[in-house]
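Below, each chain spelled out in residue letters.
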Amino acid sequence: MKVDYRVVVEALSRIRIDSDPVELWRLYGSRFNRAWETLKDGRVKKYVFRPSGRVVWIVVGRDREYLIYHVVGYCSCDDFYFSVIDGKAPLCHHLIARKLAEVLGRFEAVEQEDEFYSSHLKEWTSVETEREEVLL
Ligand SMILES: [Zn+2]
């Protein structure tokens with residue numbers, strides 16, 4: 001399925017009525033473009049664990065998968081760790097991609113049994129754990 005850019009713009013303007021796409025471009029710059037590429041490549045996944053109904057959003061990167069806690073606006077990537085936490089950027093491109101994916105319904109839905117949740121989480125958070133060890 002091909003998603004027209006205008007569809008995204010329209011969708012985004014529905015999310016935030018008072019912000020226009022030019023503004024988003026200005027705010028997010030290259031991150032917006034990268035988010036769009038990520039979305040087009042179908043690299044956003046929504047895991048739903050059963051029977052709990054727990055939802056985990058993942059963006060597949062070049063080397064690994066990134067865990068996203070969109071409710072608090074968190075991503076496990078280096079860009080988030082180094083740029084967003086430092087206040088240099090409002091969001092990493094994974095967070096933008098996830099938002100676009102949700103709005104457009106353009107993500108891969110994966111259903112898993114609850115028993116696999118902890119092993120998945122361990123894998124998704126392994127880099128964060130490594131980073132903490134470096135800091136400690
Ligand atoms: Zn990220």
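## Thoughts on the overall build of the chain
Counting secondary structure elements, the chain contains seven helices and five strands. Beginning at the N terminus, the succession of helices and strands in the chain can be written as α-α-α-β-β-β-β-α-α-β-α-α. Put simply, the chain has 136 residues, and 24% of those count as buried. For the chain, restricting intrachain contacts to residue pairs at least 6 apart in sequence, the fraction spanning at least 24 positions comes to 60%.

## Description of helix H5 (residues 93-104)
At 3.6 residues per turn, the α-helix brings residues three or four places apart onto the same side. Under the 1.5 Å per step criterion, the end-to-end length of H5 is 16 Å for twelve residues, consistent within 8% with the ideal 16 Å. Counting buried positions along H5 yields nine of twelve residues, so the element is predominantly enclosed. Taken as a whole, H5 has its buried residues at His93, His94, Leu95, Ile96, Ala97, Arg98, Lys99, Leu100 and Ala101. Positioned one or two residues after H5, Gly105 has a phi angle of 65°, which is positive.

## Considerations on the environment of Asp78
For Asp78, the location among the structural elements is in helix H4 (residues 78-84). For the pair Asp78 and Val127, spaced 49 residues apart in sequence, the C-alpha to C-alpha distance is 9.6 Å.

## Describing the sheet that holds strand S3 (residues 65-69)
If you walk across this open sheet you meet the five strands as S4-S3-S2-S1-S5, and the pairing is mixed. At either margin of the open sheet sits one strand with a lone partner, and together these are strand S4 (74-75) and strand S5 (108-113). By the bridge criterion, two bridges tie S3 to S4 in an arrangement that is antiparallel. If you follow Tyr69 over to S4, its bridge partner there is Tyr74.

## Some words on the confidence of the model for the chain
With 74% of its residues at a pLDDT of 70 or more, the chain has an overall mean of 80. Model confidence for the chain, summarised as mean pLDDT per element, is weakest for helix H1 (residues 5-15) at 51 and strongest for strand S1 (residues 44-50) at 97. In the model, residues 1-5 has pLDDT below 50 throughout and makes three contacts with residues more than four positions away in sequence or in other chains. Note on residues 15-19: pLDDT is under 50 here. Beyond four places in sequence and across chains, it has two contacts.

## Quick word on the packing of helix H3 (residues 30-40) against H5
Running from N to C, H3 and H5 point in directions that differ by 50°, and their axes come no closer than 8 Å. The angle between H3 and H5 falls in the class oblique. The hand of the H3/H5 crossing is right-handed. Here Arg31, Phe32, Arg34, Ala35, Thr38 and Leu39 of H3 come into contact with H5, specifically with His93, Ile96, Ala97, Leu100 and Ala101.

## Side note on unusual backbone geometry
The peptide bond linking Arg50 to Pro51 adopts the cis configuration, its omega dihedral lying at 5°. Turning to its location among the elements, Pro51 is positioned in the loop between S1 and strand S2 (54-60).

Calculation rules
Residue numbers here run from 1 along each chain, matching the order of that chain's written sequence. Thresholds applied to this predicted model are a pLDDT of at least 70 for local features of residues and 80 or more for the giving and counting of side-chain atom pairs; totals over whole chains, interfaces and linings are not thresholded and use all residues. Strands here mean DSSP runs of E at least two residues long; helices mean DSSP runs of H or I at least four residues long; both are numbered from the N terminus. Any residue whose C-beta has 12 or fewer other C-beta atoms within 10 Å is treated as exposed, any with 20 or more as buried, and any in between as partly exposed, C-beta atoms being built from the backbone. Contact between residues is assigned whenever the C-beta positions, reconstructed from backbone atoms, fall within 7 Å. Helices are assigned an expected span. That span is 1.5 Å times one less than the residue count. In this description, strands pair whenever DSSP reports at least two bridges between them. A residue's pLDDT is the predictor's confidence in that residue, given on a scale from 0 to 100. Axis definition: a line fitted to C-alpha atoms, limited for helices to the stretch in contact. Angles are taken between N-to-C directions and run from 0 to 180 degrees. Each angle gets one of four labels, with under 35 degrees taken as roughly parallel, over 145 as roughly antiparallel, 65 to 115 as roughly perpendicular, and the rest as oblique. In this scheme, a crossing is called left-handed if the near helix is turned counterclockwise away from the far one by less than a right angle; it is called right-handed if the turn is clockwise.

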